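If you want the building blocks of each chain, they are given just below.
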Amino acid sequence: MSQAEFVVVANRLPVDRDAEGGWRRSPGGLVTALEPVMRKSEGAWVGWPGKADLVVEPFEFEGTQLVPVTLSAEDVELYYEGFSNDTIWPLYHDVISAPRYKREWWNAYVTVNRRFAEAAAEVAAPGGTVWVQDYQLQLVPKFLREARPDLTIGYFHHIPFPAYGLFSQLPWRRQVLEGLLGADVIGFQRVADAGNFARAVRRQLRYETKASGIRVPLADGTSRVALAKAFPISIDAESYVQLAQRPEIQARAKEIRAELGNPARVLLGVDRLDYTKGIRHRLKAFGELLEDGKLSVEDVTLVQVASPSRERVEAYMQLRDEIELTVGRINGGFDTTSHSAIRYLHHSYPREEMVALYLAADVMLVTALRDGMNLVAKEYVASRIDNRGVLVLSEFAGAADELSSALRVNPHDIEGLKDAIMRAIEMPPAEQGRRMRSLRRRVRDHDVEDWSREFLGALAAKKGE
Ligand code: G6P
């Protein structure tokens, strides 16, 4: 295994195993985001291959060295499903679901974070740069700095960082802050997330913070300054434009509308099946509009793509039951033999099909109760090369900071949500165009390449400081 100047460390490797035991590139946003950087730098990527007990030697994939970290079935249960997705995830999303604090889970989180840090320490070249990704690996920056003080270390937090009053529930809050502060640059989605982090550091560790700088004391009595700042992530906007221009994808969009019975308006929701996404609130508002007689299934269909996620975590099982019960009730009450109220799809789809869905949808509903960014909102906007369509966007999604020409909603306010849905359905084409052009400009002007360039630029500035 050769050493790499640039190393990404993420919970997941950028590949999925196919049925034949081969590897194909996984469709996720982060993978696409970092693909150009990886290609240019001949970097390495440290991550979990996605299956318990899978032992794989490092291998090369499309020019990147992949370094698999094995997780046992127990690691998956305690570190991934437990501490990452049943403690940190709900806590950092404003306790929408109650976080569970279990010492056994925390111990596994520490052990597994150490394992990722060791793998990164082994593959990084002297004086190299390591970029750690997301909440599953908050202790890696510290462990890595201890093992390899020569490295420049970045960390990007893809999910919200909660207000201090919530964060302080965490029994291991100091260790987590110290873990993150091992990085030279700590990136967040929103200015508010960076602010919440700095406040937690002041309150818990009593470190001094000035503008985006945090003064971290060192053992020898000196100090260093870590940068904690917002770097909102984006998408590869151009690739969505190109897909949307393809005649077969446009034809597929028409076909989807025809398959739905050519309703006057198609509403669309696209989410991982997660309690942070506000799917229940969306269904409630839509169901009430049908009940009030404001909408009829002949005229309006809601397509809800809910891709399977974290299916062994209790809160996700419960959510699935509730959503499927609600969809069944609404459809049972309002469907006709020819038209359905909700077309519910518990699948994930290739990007081509997603773009066809975006083109088929008059209204995109993003009603997250809390969301780090929400890239679906940006994908919808990027795909609307016709400057039509309406984005209804929750103010609790990070994307709301940038996408100010969307119809903003508070998803907890069901009446407000119903009004926004009606307004979106009835919006005249001229207003759609005005709003969509402004949204598209923002997404084009700040794409994912800008994101990684800005973050890595800030990190490079720290090198040798
Ligand atoms: C969010 C997180 C990612 C995570 C993804 C899918 O976007 O920020 O870190 O990879 O969800 O979740 P999963 O648990 O399947 O990796």
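Model, not experiment: these values are computed from the prediction.

> Would you explain the sheet that holds strand 1 (residues 4–12) in this entry?
The pairing of strands in a sheet comes from backbone hydrogen bonds and takes either a parallel or an antiparallel form. Read across the open sheet, the 10 strands follow the order 5-6-4-1-7-8-9-12-11-10; overall the sheet is mixed. This sheet does not close on itself; its edge strands, each paired only once, are strand 5 (59–61) and strand 10 (209–210). Where strand 8 (residues 152–156) and strand 9 (residues 185–188) come together, 3 bridges link them in parallel fashion. By the bridge assignment, Gly154 is partnered in strand 9 with Val185.

> Looking at this structure, how should I read unusual backbone geometry?
Both trends apply: most residues other than glycine have a negative phi, and most peptide bonds are in trans. For Arg206, which is not a glycine, the phi torsion comes out positive at approximately 65°. Positive phi outside glycine occurs at Asn387, with the angle close to 55°. Mapped onto the elements of the fold, Asn387 is located in the loop between helix 13 (375–383) and strand 17 (390–394).

> I would appreciate a short explanation of empty space enclosed by the protein in the present structure.
Gaps between atoms show up when a probe of the same size as a water molecule is rolled over them. One pass over the structure, following the stated rule, counts 3 cavities of 30 Å³ or more. Approximately 40 Å³ is the volume attributed to the largest cavity. For the largest cavity, the full set of lining residues is Gly389, Val390, Leu391, Ser405, Ala406, Leu407, Met427, Gln432, Arg435, Met436 and Leu439. Looking at the lining of the largest cavity, the elements that each hand over two or more residues are strand 17 and helix 15 (429–445).

> Just checking my understanding: could you explain the site of the ligand for this structure?
The environment of the ligand is formed by Arg12, Tyr80, Asp134, Tyr135, Gln136, His158, Ile159, Arg272 and Arg310. Contacts to the ligand include Tyr80, whose side-chain N or O atom sits 2.5 Å from an oxygen atom. Considered on its own, the ligand offers 380 Å² of accessible surface; in the complex 69% of this is hidden by protein.

> Please explain the layout of surface pockets as it appears in this structure.
Volume-wise, the second largest pocket comes out at about 230 Å³. Forming the walls of the second largest pocket are 13 residues, and the residues nearest its centre are Arg145, Asp184, Lys462, Gly464 and Glu465. Of the residues belonging to the lining of the second largest pocket, the class tally is 4 nonpolar, 2 polar and 7 charged.

> How should I be thinking about the side chain of Arg257 in this particular structure?
As for its placement among the helices and strands, Arg257 is situated in helix 9 (residues 247–259). Leave out the neighbours within four places in its chain, and Arg257 touches Asn262, Pro263, Ala264, Arg265, Val266, Ala360 and Asp362.

> Explain the sheet that holds strand 17 to me, please; I cannot follow it from the model alone.
Strand order in the open sheet formed by 6 strands is 15-14-13-16-17-18, and the pairing between neighbours is parallel. Only two strands of the sheet have a single partner each, and these edge strands are strand 15 (342–345) and strand 18 (407–409). Neighbour-to-neighbour, the strand axes of the sheet open up by a mean angle of 20°, direction not taken into account. Here 4 bridges tie strand 16 (residues 363–366) to strand 17, and the two strands are oriented parallel to one another. Across the sheet, residue Val366 finds its bridge partner in strand 17, namely Leu393.

> Sorry, what's going on with the domain arrangement of the chain here?
A common way to report how large an interface is uses the accessible area buried once the components associate. For the chain, the assigned domains read domain 1 (4–233 + 449–463) and domain 2 (237–445). Each of domain 1 and domain 2 was reduced to a C-alpha centroid, and the two centroids are 31 Å apart. Taken together, the 22 residues of domain 1 in the interface contact 21 residues of domain 2. Regarding the contact of domain 1 and domain 2, the summed buried area is about 1800 Å², with carbon and sulfur atoms giving 56% of it. Counting the surface domain 1 buries against domain 2, the share from its top three residues, Trp89, Ile96 and Arg190, is 31%. Where domain 1 touches domain 2, the interface holds 7 residue pairs in polar contact (both at pLDDT 80 or more). Among the elements that make up the side of domain 1 that touches domain 2, the one with the highest residue count is helix 2 (residues 73–92) (7 residues). Of the residues belonging to the side of domain 1 that touches domain 2, the class tally is 11 nonpolar, 6 polar and 5 charged.

> I keep staring at helix 2 and nothing clicks. Help me out?
In this model helix 2 runs just 25 Å from its N-terminal to its C-terminal C-alpha over 20 residues, more than 12% under the 28 Å that 1.5 Å per residue would give. Gly82 marks where helix 2 bends most, by close to 40°. A large share of helix 2 lies buried, amounting to 17 of its 20 residues.

> In this structure, what is going on with a positive patch on the surface? I would like to understand it.
On the surface, Arg199, Arg202, Arg203 and Arg206 cluster together into a positively charged patch. With respect to the helices and strands, Arg202 occurs in helix 7 (residues 191–205).

> In this structure, what is going on with the environment of Asp220? I would like to understand it.
Counting through the fold element by element, Asp220 comes out in the loop between strand 11 (213–217) and strand 12 (223–230). Placed 90 residues apart in sequence, Asp220 and Val130 show a C-alpha to C-alpha distance of 24 Å. There is a polar contact of 2.6 Å between the side chain of Asp220 and the side chain of Thr222.

> It is not clear to me how the packing of aromatic side chains should be interpreted in this structure. Could you clarify?
Any aromatic ring pair is given by two values, namely how distant the centres are and how the planes are angled relative to each other. Evaluation of the coordinates by the stated rule reveals 23 aromatic pairs. Seen in terms of ring centroids, Tyr79 and Phe116 are 6.3 Å apart; in terms of plane orientation they differ by 40°. Their pairing is tilted. Of this pair, Tyr79 sits in helix 2 while Phe116 sits in helix 3 (residues 103–123); the two residues are 37 residues apart in sequence, bridging distant segments of the chain. Across the pair, Phe116 and Tyr79 agree in class, each one buried. An angle of 75° between the planes, with centres 6.1 Å apart, marks the rings of Tyr358 and Tyr380 as edge-to-face.

> Sorry, what's going on with the nonpolar core here?
Burial of nonpolar side chains together is a common tendency in soluble globular proteins. Counting residues in hydrophobic clusters, the biggest one holds 103 residues, and the most contacted among them are Val46, Phe116, Leu181 and Phe197. At 12 residues, helix 3 tops the list of elements feeding residues into this core. Residue contributions to this core reach at least three from each of two domains, namely domain 1 (4–233 + 449–463) and domain 2 (237–445). Formed by 70 residues, the second largest nonpolar core is a distinct cluster that contains Val56, Leu260, Val376 and Phe455.

> When you look at the packing of helix 10 (residues 279–291) against helix 14 (residues 414–426) in this model, what are you seeing that I'm missing?
To describe two helices that pack against each other, one gives the angle between their axes and the distance between the axes. The N-to-C vectors of helix 10 and helix 14 enclose an angle of 70°; their axes lie 9 Å apart at closest approach. Regarding the angle of helix 10 to helix 14, the classification is roughly perpendicular. Considering the relative orientation of helix 10 and helix 14, their crossing is right-handed. For the pair formed by helix 10 and helix 14, the contact residues are His281, Arg282, Lys284, Ala285, Glu288 and Leu289 on the first element and Ile414, Glu415, Leu417, Lys418, Ile421 and Met422 on the second. Grouping the amino acids of the contact of helix 10 with helix 14 by side-chain chemistry returns 6 nonpolar, 1 polar and 5 charged.

What counts, and where the lines are drawn
- Residues numbered from 1 in each chain as written.
- Predicted model: local features only at pLDDT ≥ 70, side-chain atom pairs only at ≥ 80, totals over all residues.
- Heavy atoms only, no water.
- Pairing = 2+ DSSP bridges.
- Helix = DSSP H or I, 4+ residues; strand = E, 2+ residues; numbered from the N terminus.
- 1 Å grid on protein atoms, 1.4 Å probe; cavity = no way out; pocket = protein on both sides within 12 Å on 5 of 7 lines; lining within 4 Å.
- Points joined across faces, edges and corners; volume = space filled by probe spheres on them.
- Near = heavy atom within 4 Å.
- Polar contact = N/O pair within 3.5 Å; in protein donor to acceptor, adjacent residues only side chain to side chain.
- Areas by Shrake-Rupley, 256 points an atom, 1.4 Å probe, with all protein chains shown as cover.
- Nonpolar A, V, L, I, M, F, W, Y, C, P; charged D, E, K, R; others polar.
- Contact = heavy atoms within 4.5 Å.
- Axes fitted to C-alpha atoms, helices over the stretch in contact; angles between N-to-C directions.
- Domains from an automatic or database assignment.
- Buried area = accessible area lost by both parts, 1.4 Å probe.
- Expected span 1.5 Å × (residues − 1).
- Bend = angle between axes of the 7 residues up to and from the residue.
- Buried < 20%, exposed > 50% of the residue type's maximum accessible area, 1.4 Å probe, protein only.
- Patch = residues over 30% accessible without salt bridge, like charges linked within 9 Å, V, L, I, M, F, W, Y side chains within 5 Å.
- Salt bridge = Lys/Arg side-chain N within 4 Å of Asp/Glu carboxyl O.
- Lys, Arg positive; Asp, Glu negative; His and termini not counted.
- Charge placed at Lys NZ, Arg CZ, Asp CG, Glu CD.
- Phe/Tyr/Trp six-rings, centres within 6.5 Å; stacked < 30°, edge-to-face > 60°.
- Core = buried A, V, L, I, M, F, W, Y, C linked by side-chain atoms within 4.5 Å.
- Parallel < 35°, antiparallel > 145°, perpendicular 65-115°, else oblique.
- Left-handed = near helix turned anticlockwise from the far one by under 90°.

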